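# Residue-level structure breakdown
The lines below spell out each chain.
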Amino acid sequence: MAAALRPAILRHLRIPVQTQTLDRYRPLLLSPFDPLRFSPLRSMSSHGDEHLTKEEVVERVLDVVKSFPKVDPSKVTPEVHFQRDLGLDSLDNVEIVVALEEEFKLEIPDKEAVLIDSCDLAIEYVANHPMAA
């Protein structure tokens, strides 16, 4: 009975909430030399400011694919499809994704890894991943 009564009471109960901004208390919380004192935003990346450019991602993805033993490096382009254009099978596709994880220090979830079947998709995935290094 108490379990049914609780939601009924909470629906009718209103409590005024006051919010306080951190800016008002910021001078008290931070030392004069704290970088947050001058910058309201902090980068949440564990890699600092080392963001990869699209050109760097393209070059490194192509290098990974070209270094794969079953691939003819002359056929590798940013638009190449692993199975259709390079004649690789699904196991080779998995091995390339693992090599990309190692190259860029990423962990690609299985649900997303099975979708990466071309250089285009690999480049797009890595370029958009916030932790790619």
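Anything mentioned here points back to the structure above.
Residues numbered from 1 in each chain as written. Predicted model: local features only at pLDDT ≥ 70, side-chain atom pairs only at ≥ 80, totals over all residues. Heavy atoms only, no water.

Helix and strand counts for the protein chain come out as six helices and zero strands. In sequence order, the secondary structure elements of the protein chain are arranged as α-α-α-α-α-α. When the 133 residues of the protein chain are sorted by exposure, 26% land in the buried category. Of all intrachain contacts in the protein chain linking residues separated by at least 6 positions in sequence, the fraction that spans at least 24 positions is 51%. Total accessible area on the protein chain stands at roughly 10200 Å², and carbon and sulfur atoms take up 57% of it. (Helix = DSSP H or I, 4+ residues; strand = E, 2+ residues; numbered from the N terminus. Buried < 20%, exposed > 50% of the residue type's maximum accessible area, 1.4 Å probe, protein only. Contact = heavy atoms within 4.5 Å. Areas by Shrake-Rupley, 256 points an atom, 1.4 Å probe, with all protein chains shown as cover.)

What follows deals with helix α6 (residues 119-128). Buried residues of α6: Cys119, Ala122, Ile123, Tyr125 and Val126, and no others. The arc enclosing the buried residues of α6, seen along the axis, measures out at 165°, which places them on a common side. In this fold, the buried residues of α6 make contact with α3 (54-66), α4 (90-104) and α5 (110-113). (Arc of directions from axis to C-beta.)

Here the focus is the pattern of salt bridges. One pass over the full model with this rule turns up two salt bridges. Between Arg60 and Glu103 there is a salt bridge, with the nearest N and O atoms lying 2.9 Å from each other. Here the residue Arg60 occupies a position in helix α3, and Glu103 occupies one in helix α4, the gap between them amounting to 43 residues. Of the charged contacts, one joins Asp92 and Lys70 as a salt bridge, the two residues approaching to 3.0 Å between their closest N and O atoms. Linking Asp92 in helix α4 with Lys70 in the loop between α3 and α4, this pair joins segments that are 22 residues apart in sequence. The exposure class of Asp92 is buried, given its relative accessible area of 3%. (Salt bridge = Lys/Arg side-chain N within 4 Å of Asp/Glu carboxyl O.)

Turning our eyes to something else, we now look at the packing of α3 against α6. For the pair α3 and α6, interaxial distance at closest approach is 9 Å and the crossing angle is 135°. The angle between the axes of α3 and α6 places the two elements in the oblique class. In terms of crossing hand, the pair formed by α3 and α6 is right-handed. From α3, Lys54, Val57, Val58, Val61, Leu62 and Val65 reach across to α6, where they touch Cys119, Ala122, Ile123, Val126 and Ala127. Classifying every residue of the contact of α3 with α6 gives 10 nonpolar, no polar and one charged. (Axes fitted to C-alpha atoms, helices over the stretch in contact; angles between N-to-C directions. Parallel < 35°, antiparallel > 145°, perpendicular 65-115°, else oblique. Left-handed = near helix turned anticlockwise from the far one by under 90°. Nonpolar A, V, L, I, M, F, W, Y, C, P; charged D, E, K, R; others polar.)

Another point: the nonpolar core. Soluble globular proteins tend to bury their nonpolar side chains together. Val61, Val65 and Phe82 are the most contacted members of the largest nonpolar core, which totals 26 residues. Only α3, α4 and α6 provide two or more residues apiece to this core. Here Phe82 is in contact with Val65, Gly87, Leu88, Asn93, Ile96, Ile116, Asp117, Ser118 and Cys119, once residues within four sequence places are set aside. (Core = buried A, V, L, I, M, F, W, Y, C linked by side-chain atoms within 4.5 Å.)

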